[in-house]
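The chain contents come next:
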Amino acid sequence: MVVVGSLAGESLGINDKLGQLWFWFGHQGSEYLDLGRFWQFLLAVGLLFWLFLMFRALRPAFKIPDKRELSSLFLYAAVAIPVFYLPPFSMGPRPISPL
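On a predicted model such as this, the values are computed, not experimentally measured, just so you know.

## Let's talk about helix α1 (residues 2–14)
End to end, α1 covers 18 Å across 13 residues, agreeing with the expected 18 Å (1.5 Å per residue, within 8%). Considered for burial, the residues of α1 that qualify are Gly 5, Ser 6, Gly 9, Glu 10 and Gly 13. Looking straight down α1, one finds that the buried residues subtend no more than 130° of arc, so they occupy a single side. Across from the buried face of α1, at angles greater than 90 degrees, the exposed residues are Val 3, Val 4 and Leu 7. Against the buried residues of α1 lie α2 (22–26) and α3 (37–58). Where α1 terminates, the next one or two residues include Asp 16, which has phi positive at roughly 60°.

Pasting the structure below:
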């Protein structure tokens, strides 16, 4: 749903069919995450749910000393991926002007 909605929104936003909703459903115009804020929110929720699933699946491995290190590495990677997508939430639709 996020992929199809984002692609449709980006196409409509680039062709100026969304009007004032371009930031929410079109594209934000950022460098590395070029999807609307609504789709970004759904992606972040999905990634946090994925993090919960990873934690639930890896929790039994933390009790086994031989598997604890590799399980921790997988969990750290699972935390880093959603964290990577969260900083653009602090940006608005207007660019920040340099001082």
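## Side note on helix α4 (residues 65–85)
In a regular helix each residue adds 1.5 Å, so 21 residues correspond to 30 Å; α4 covers 32 Å between its end C-alpha atoms and thus fits that length. Every buried residue of α4 is accounted for by Ser 71, Ser 72, Leu 75, Ala 78 and Pro 82. Against the buried residues of α4 lie α3.

## Points about the packing of α1 against α3
Across the interface, α1 lies against α3 with an axial gap of 10 Å and an inter-helix angle of 165°. As the angle between them shows, α1 and α3 are arranged roughly antiparallel. The chirality of how α1 crosses α3 is left-handed. Residues Val 2, Gly 5 and Ser 6 of α1 form the contact with α3, whose own contacting residues are Trp 39, Leu 42 and Leu 43.

## Thoughts on the packing of α3 against α4
Each pair of packed helices gets described by two things: the angle between the helix axes and the distance between those axes. Between α3 and α4, whose axes approach to 9 Å, the crossing angle comes to 170°. The angle between α3 and α4 places the two elements in the roughly antiparallel class. Note on element contacts: α4 touches α3 through Ser 71, Phe 74, Leu 75, Ala 78, Val 79, Ile 81, Pro 82 and Tyr 85, opposite Gln 40, Leu 43, Leu 47, Leu 48, Trp 50, Leu 51, Met 54, Phe 55 and Leu 58. For the contact of α3 with α4, the class distribution of residues is 15 nonpolar, 2 polar and no charged.

## Here's the deal with the side chain of Ser 6
By secondary structure assignment, the location of Ser 6 is in helix α1. Residue class for Ser 6 comes out buried when judged on its relative accessible area of 6%.

## Considerations on unusual backbone geometry
Positioned with a positive phi, Asp 16 is a non-glycine residue whose angle comes to about 60°. As for its position among the elements, Asp 16 is in the loop between α1 and α2.

Basis of the calculations
- Residues numbered from 1 in each chain as written.
- Predicted model: local features only at pLDDT ≥ 70, side-chain atom pairs only at ≥ 80, totals over all residues.
- Heavy atoms only, no water.
- Helix = DSSP H or I, 4+ residues; strand = E, 2+ residues; numbered from the N terminus.
- Expected span 1.5 Å × (residues − 1).
- Buried < 20%, exposed > 50% of the residue type's maximum accessible area, 1.4 Å probe, protein only.
- Arc of directions from axis to C-beta.
- Contact = heavy atoms within 4.5 Å.
- Axes fitted to C-alpha atoms, helices over the stretch in contact; angles between N-to-C directions.
- Parallel < 35°, antiparallel > 145°, perpendicular 65-115°, else oblique.
- Left-handed = near helix turned anticlockwise from the far one by under 90°.
- Nonpolar A, V, L, I, M, F, W, Y, C, P; charged D, E, K, R; others polar.

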